[in-house]
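# Structural overview
Chain by chain, the residues:
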Amino acid sequence: MNRAVKIISIIVGIVLIGFVGRCIYMVLCISCTTPSIKTYDYNGSMDQFENNLKNFTNSNLNLTYKVSRRGPGAYDARDIIALNKTQSGLMRYELVVYKFNETTKLDIDCIYDETRNVGGCNTEDKIGKELFERFKSDFLLRFEKGQHITLEPNFFNF
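Heads up: these notes are all about the structure in this document. This one's a predicted model, so the numbers in the text were calculated from it and none came from an experiment.

Bringing the packing of aromatic side chains into the picture now. How two aromatic rings sit relative to each other is set out by the distance from centre to centre and by the angle between their planes. Evaluation of the coordinates by the stated rule reveals 9 aromatic pairs. Geometrically, the ring pair formed by F135 and F139 is stacked, given 5.5 Å between the ring centres and 25 degrees between the ring planes. Here F135 pairs with F139, and both are found in helix α3 (residues 126–147), just 4 residues apart, close to one helical turn. The same class applies to F135 and to F139, which are both buried.

Let us now look at empty space enclosed by the protein. Here the structure, examined in full by the defined rule, presents 2 cavities of 30 Å³ or more. As a volume, the largest cavity reaches approximately 40 Å³. Every residue lining the largest cavity is listed: I37, I111, G119, G120, N122, T123, G128 and L131. For the lining of the largest cavity, the secondary-structure elements that each account for two or more residues are β6 (118–120) and α3. Partitioning the lining of the largest cavity into residue classes produces 3 nonpolar, 5 polar and no charged. Estimates place the volume of the second largest cavity at around 30 Å³. Residue lining of the second largest cavity: F49, L53, L95, L106, F135, F139, L140 and F143, and that is the complete set. Mapped onto the lining of the second largest cavity, the elements with two or more residues apiece are α2 (46–59) and α3. A total of 4 residues in the lining of the second largest cavity trace back to one element, the largest contributor, which is α3. The residue inventory of the lining of the second largest cavity, partitioned by class, reads 8 nonpolar, no polar and no charged.

With that settled, the discussion passes to the pairing of strand β1 (residues 38–42). Across 5 bridges, the pairing between β1 and strand β5 (residues 103–113) is antiparallel. Paired with Y40 across the strands is L106, a residue of β5. Of the pairings in the sheet, the one linking β1 to strand β7 (residues 151–153) comprises 3 bridges and is antiparallel in character. Bridge pairing in β7 places Y42 opposite L151.

What counts and how
Residues numbered from 1 in each chain as written. Predicted model: local features only at pLDDT ≥ 70, side-chain atom pairs only at ≥ 80, totals over all residues. Heavy atoms only, no water. Phe/Tyr/Trp six-rings, centres within 6.5 Å; stacked < 30°, edge-to-face > 60°. Helix = DSSP H or I, 4+ residues; strand = E, 2+ residues; numbered from the N terminus. Buried < 20%, exposed > 50% of the residue type's maximum accessible area, 1.4 Å probe, protein only. 1 Å grid on protein atoms, 1.4 Å probe; cavity = no way out; pocket = protein on both sides within 12 Å on 5 of 7 lines; lining within 4 Å. Points joined across faces, edges and corners; volume = space filled by probe spheres on them. Nonpolar A, V, L, I, M, F, W, Y, C, P; charged D, E, K, R; others polar. Pairing = 2+ DSSP bridges.

This is the structure we're talking about:
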């Protein structure tokens, strides 16, 4: 009987350590989040940004977007998937708008060329750089001009 108690205690201990370890990993999972390609500061609220995006897509029939909200409270953020039909194909932009230190931030998380089936969240490779440059020169520049806004690059973006 004493041996059975030891075996059960060891099994319960291993399970408990595994459970606590998994919880700690989930809480501290900084490496699980890929850094954004670029962060921009917007001089307005998240609602104003969303309205600007709505106005911009209404005036550009080749653009569509979908917004999903992450949640109210301390971490209110909006995930935006924007589709841009260009002459060279269909582009998809994954964006996040959130409030940080009383400033509205726009993260460019991922960029995809759906026609060529390339892209992602990394601008270290040639294709990633090319897609980001196309995003800046096509979508971002037209958005800023069309809505008479300025998105300032955040220099603390690593």
